[in-house]
Amino acid sequence: MKNHILNAQQKKAVEFDGKHVLVLAGAGTGKTRCIVGRAAFLIDQGMEPEKIQILTFTKRAANEIVERVKASLTDNQAQSLNGSTFHSWCNQLIVRYPNLFGASGYTVIDPDDQLSVMKMVCGDQLVEYKGIRIKPQQLLDIYSYGRNTRKNLSNSIREKIFKGKTDEETNDEIDIIRPKVEVLLRAYQTKKSEGRYIDYDDLLLIVANRLRNDAEARRILSHQVKHLLIDEFQDTNPLQWYLLEPFLEIAKFYCVGDDAQSIYSFRGADYKNVHLFKERVPESEILILNNNYRSTQEILDLSNWLIETSPLEYKKKLVATRGSGTKPKLINIASQWEEANFIAENILENFTENNKNFIDHLILSRSTYYTKPLQAVFIQKKIPYVTYGGRKFMEAAHIKDIVSALRVVNNIYDEIGWMRFLTFWDGIGEIKAGKYISKILEFKDPLDCAQNLEDAIGGTEGEKIADIYNSIFMNSGNVKKAIQETYSKMELQLAFKYRKDWEEKRKSDVPVLEMLGENYATIGQLISEGILENAKQLNGNPVLEGSQLNDSEIKDHVIISTVHSAKGLEADVCYVLNVSPKVYPSAWNLSSDENIEEDRRVLYVALTRAKNELYITRDTNSITTVNSSETSEVTSKYFLENLPENLTEQFVNPYTIVKPRDILTPNKIDLSEGMDFS
DNA sequence: TCCCCCCCAGTTTTT
DNA sequence: CTGGGGGGGA
């Protein structure tokens, strides 16, 4: 094993020989290197790789760690090493031990489908639904928040609907709506059972409950799981801990985390869980890594300043082992187009004159949506890029159409799947589809359905739909073939339904779906694992919607990512977009100190990604409007408001701004000019 | 009554 | 780029 790159602290952490450990490590101190090193060390010591489970928050992080372990070992020693997200891991366990968890023939549903189910429930329970002014999506938020935090319904309503307020008026309101919400949530659970649906939280709960209540189940798994290596431990929430706890007696825990990088409280994560580690985990130790290997001192000075100005104490001051470099640059921009142009020109200059590759550049944004103009400019200037974060591949409408056909064969009780598949066809709307579905739900099994589906629907539609059903049914052992057959029968209608952008954009996703299908042995696996799959990452290679990347571009591209998806990433040159008032902290979060501090950590994560050069852009318009019209609240809470001048270099955009014509937003015409009303 | 199509609004962050 | 709403047509 090649471990010569480890320092003394890291080596101690990698070769830890106690039972459970938490490695507390600041940004850039080698957290990932530690997990990679640990896995390689264990395998080197003779542990079977299939009994080591690496748990991460994103699929990409899992893949990357596994790849790096493989690269650090010889002879395919790590071939069967397992790295996955919590959800994917649970799904795999459920599939592998159908008798243990009792969940076969189920369909894992994504948030879109959850919403559809909840809407059906609200339609069924109109009396209760009308009695509360809460939208179906908010009901799901309450439900999921309650399950993830293991808080009760009243408190979940308080957090999600009333922003945590505890005054008497709020309490009275909660008392009034709580029973009605309960009726709706219980109806949602019933509907899930009827449709044999499993939502994301169920994946964790099914495994957790079984293991907690059944010593025999723990005994079986104790032979399979010896080591749990858990990344980003500060982001685990109570539900995840509820799942992990029964493994304490089975496996050895190896957790790494950093409380200053906890940015998932909206999903119920509590950064204090790292502080509770020693209390909750007997026979455990805490190790600390504090040498930063990533960034220059100037970048760390700014990052340190940011968390030092927090009312919370992180007891963290990163020191660069790499020494000094250039100061972070703060650029005031007047519009998103100027920002996009500046970044594009800067990257092109680095590429052509400074001997840098595209992959040396990382662009970080608070939201996916905000990067759209940037992407337009990159396409215009032919800069290859990959986006992380945002919509999943399987969530695109045209993919869902194709997959809906596969879903109903996998689970004939999948009403959501039927609704999508039936209404896909011309002349069938929700009403007709509903009538067909009530007939379909009476079929005994898939075979019964295959034989009688045509008659149940009737006409040429029935013929067409039954034909597709049957060809998938015949090919259920070959997922790729099933997809191809389905597509060939749906192609005409797809091209018609999406005529505006079918040829240019959506059609090219079909081969990607086929490739995805090749990875799975059954349709059930495709739809449960596939919805957890990221759009841009396929067989380890980024796949872009719309543009076909050639080989060299696959290897060399700029990365555009949300901060949340950028955990663990680093780059030579980093651009943090739109660090403006109302964004850091964001306007929604201003009312809560906890949320403001979470936003501070979001910015902290963003800043600490940079190795050598850090560019921070901010919108001058929002600065001036805030100063002139709004109360001081927004400005006083803005993170860069009291930024010491010596920490950054104010920087003027040196490039001429050219607005490409085809991406130009129409100018707003001001019709109030020319008239003096005085 | 049901279905289709066009237009508009509004988008945190993730599994 | 999707979801909802409104209007027109069958």
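Since the model is a prediction, treat every value here as computed from it, not as a measurement.

1. Observations concerning the overall build of chain A
No. 1: The helix and strand tally for chain A stands at 30 helices and 19 strands.
No. 2: Relative to the globule expectation of 26 Å for 678 residues, the C-alpha radius of gyration of chain A, 27 Å, shows essentially globular dimensions.
No. 3: C-alpha atoms of chain A, sized along the principal axes, occupy 80 × 75 × 65 Å.
No. 4: Considering chain A as a whole, with its 678 residues, one finds that 54% of them fall into the buried category.
No. 5: For chain A, the proportion of contacts with a sequence separation of at least 24, taken over those separated by at least 6, is 77%.
No. 6: In the structure as shown, chain A presents an accessible area of about 30,900 Å², 49% of it carried by carbon and sulfur atoms.
No. 7: Distance between charge centres in chain A, computed from 84 positive and 95 negative side chains, equals 2 Å.

2. Structural notes on the pairing of strand β6 (residues 227-230)
No. 1: Residues His-227 and Leu-229 point to one face of β6 and Leu-228 and Ile-230 to the other, with burial holding for every one of them.
No. 2: Taken together, β6, helix α13 (residues 238-244) and strand β7 (residues 252-257) constitute a β-α-β crossover, and its handedness is right-handed.

3. Let's talk about the packing of helix α11 (residues 200-213) against helix α12 (residues 215-222)
No. 1: The geometry of α11 relative to α12 is characterised by a closest axis approach of 5 Å and an angle of 110° between their N-to-C directions. It follows that α11 is roughly perpendicular to α12 by the angle criterion. Residues Arg-210, Leu-211, Arg-212 and Asn-213 of α11 lie in contact with α12, whose contacting residues are Ala-215, Ala-217, Arg-218 and Leu-221.
No. 2: Here the residues of the contact of α11 with α12 sort into four nonpolar, one polar and three charged.

4. Things to note about the domain arrangement of chain A
No. 1: Structurally, chain A comprises domain 1 (8-98 + 210-289), domain 2 (107-195), domain 3 (319-390 + 546-652) and domain 4 (393-535).
No. 2: Distance from the C-alpha centre of domain 1 to the C-alpha centre of domain 3: 31 Å.
No. 3: Taken residue by residue, the interface counts 15 residues in domain 1 and 13 residues in domain 3.
No. 4: Of all residues in domain 1, Arg-60, Gln-261 and Ile-263 give up the largest surface area on contact with domain 3, accounting jointly for 43% of the area buried on that side.
No. 5: Connecting domain 1 to domain 3 are nine residue pairs in polar contact (both at pLDDT 80 or more).

5. Some remarks on the packing of aromatic side chains
No. 1: The final tally for this structure, using the stated rule, is 18 aromatic pairs.
No. 2: For the pair Tyr-264 and Phe-266, a centre-to-centre distance of 5.5 Å together with 35° between the ring planes defines the contact as tilted.
No. 3: For Tyr-264, a relative accessible area of 11% translates into the label buried.
No. 4: The exposure class assigned to Phe-266 is partly exposed, which follows from its relative accessible area of 48%.
No. 5: Note on Tyr-575 and Tyr-615: the rings are 5.1 Å apart at their centroids and 15° apart in plane angle, and the pair reads as stacked. A residue pair is termed long-range when its members are at least 10 positions apart, and Tyr-575 in strand β17 (residues 571-576) and Tyr-615 in strand β18 (residues 610-619) qualify at 40 residues. Each member of the pair Tyr-575 and Tyr-615 is classed as buried.
No. 6: Every member of this aromatic cluster is reached through a ring pair, and the members are Trp-418, Phe-421, Phe-424, Trp-425, Tyr-469 and Phe-473.
No. 7: The cationic tip of Arg-150 hangs over the ring face of Tyr-242; the distance from NZ or CZ to the ring centre is 3.6 Å.

6. Observations concerning the protein's contact with DNA strand B
No. 1: Every one of the 29 residues lining DNA strand B counts as a neighbour, but Arg-267, Thr-368, Tyr-369, Lys-392 and Gly-427 are closest to it.
No. 2: Looking at DNA strand B alone, sugar and phosphate atoms form 60% of those within 4 Å of the protein.
No. 3: A distance of 3.0 Å separates a base oxygen of DNA strand B from a polar side-chain atom of Arg-366.
No. 4: Backbone polar atom of Ile-431 to a phosphate oxygen of DNA strand B: 3.1 Å apart, as the coordinates give it.
No. 5: A per-element tally of the surface near DNA strand B places helix α20 (residues 430-440) first, with three residues.
No. 6: Here the residues of the surface near DNA strand B are counted per class, giving eleven nonpolar, twelve polar and six charged.

7. Quick look at the environment of Asp-619
No. 1: Examined against the element boundaries, Asp-619 turns out to sit in strand β18.
No. 2: Residues Asp-619 and Asn-578, spaced 41 residues apart in sequence, show a C-alpha to C-alpha distance of 6.2 Å.

8. Here we look at the protein's contact with DNA strand C
No. 1: What surrounds DNA strand C is the set Lys-119, Lys-372, Ala-397 and Arg-506.
No. 2: Those atoms of DNA strand C that come within 4 Å of the protein belong to sugar or phosphate at a rate of 100%.
No. 3: For DNA strand C, a phosphate oxygen lies 2.4 Å from a polar atom in the side chain of Lys-119.
No. 4: Between DNA strand C and Arg-506 there is a distance of 3.0 Å, counted from a phosphate oxygen to a side-chain nitrogen or oxygen.

9. Quick look at the pattern of salt bridges
Where charged atoms from two side chains of opposite charge come close, those side chains can pair.
No. 1: All chains considered together, the criterion is met by 37 salt bridges.
No. 2: For Glu-48, the salt bridge is made with Lys-51, and the minimal N-O distance between the two is 3.3 Å.
No. 3: In this structure, a network of salt bridges that share partners links the residues Asp-110, Asp-112, Asp-113, Lys-400, Arg-407 and Asp-414.

What counts and what doesn't
- Residues numbered from 1 in each chain as written.
- Chains lettered and ligands numbered in written order.
- Predicted model: local features only at pLDDT ≥ 70, side-chain atom pairs only at ≥ 80, totals over all residues.
- Heavy atoms only, no water.
- Helix = DSSP H or I, 4+ residues; strand = E, 2+ residues; numbered from the N terminus.
- Rg over C-alpha atoms; globule rule 2.2 N^0.38 Å.
- Buried < 20%, exposed > 50% of the residue type's maximum accessible area, 1.4 Å probe, protein only.
- Contact = heavy atoms within 4.5 Å.
- Areas by Shrake-Rupley, 256 points an atom, 1.4 Å probe, with all protein chains shown as cover.
- Lys, Arg positive; Asp, Glu negative; His and termini not counted.
- Charge placed at Lys NZ, Arg CZ, Asp CG, Glu CD.
- Right-handed = clockwise from strand over helix to strand, strands pointing away.
- Axes fitted to C-alpha atoms, helices over the stretch in contact; angles between N-to-C directions.
- Parallel < 35°, antiparallel > 145°, perpendicular 65-115°, else oblique.
- Nonpolar A, V, L, I, M, F, W, Y, C, P; charged D, E, K, R; others polar.
- Domains from an automatic or database assignment.
- Buried area = accessible area lost by both parts, 1.4 Å probe.
- Polar contact = N/O pair within 3.5 Å; in protein donor to acceptor, adjacent residues only side chain to side chain.
- Phe/Tyr/Trp six-rings, centres within 6.5 Å; stacked < 30°, edge-to-face > 60°.
- Lys NZ or Arg CZ within 6 Å of the ring centre and 35° of its normal.
- Near = heavy atom within 4 Å.
- Salt bridge = Lys/Arg side-chain N within 4 Å of Asp/Glu carboxyl O.

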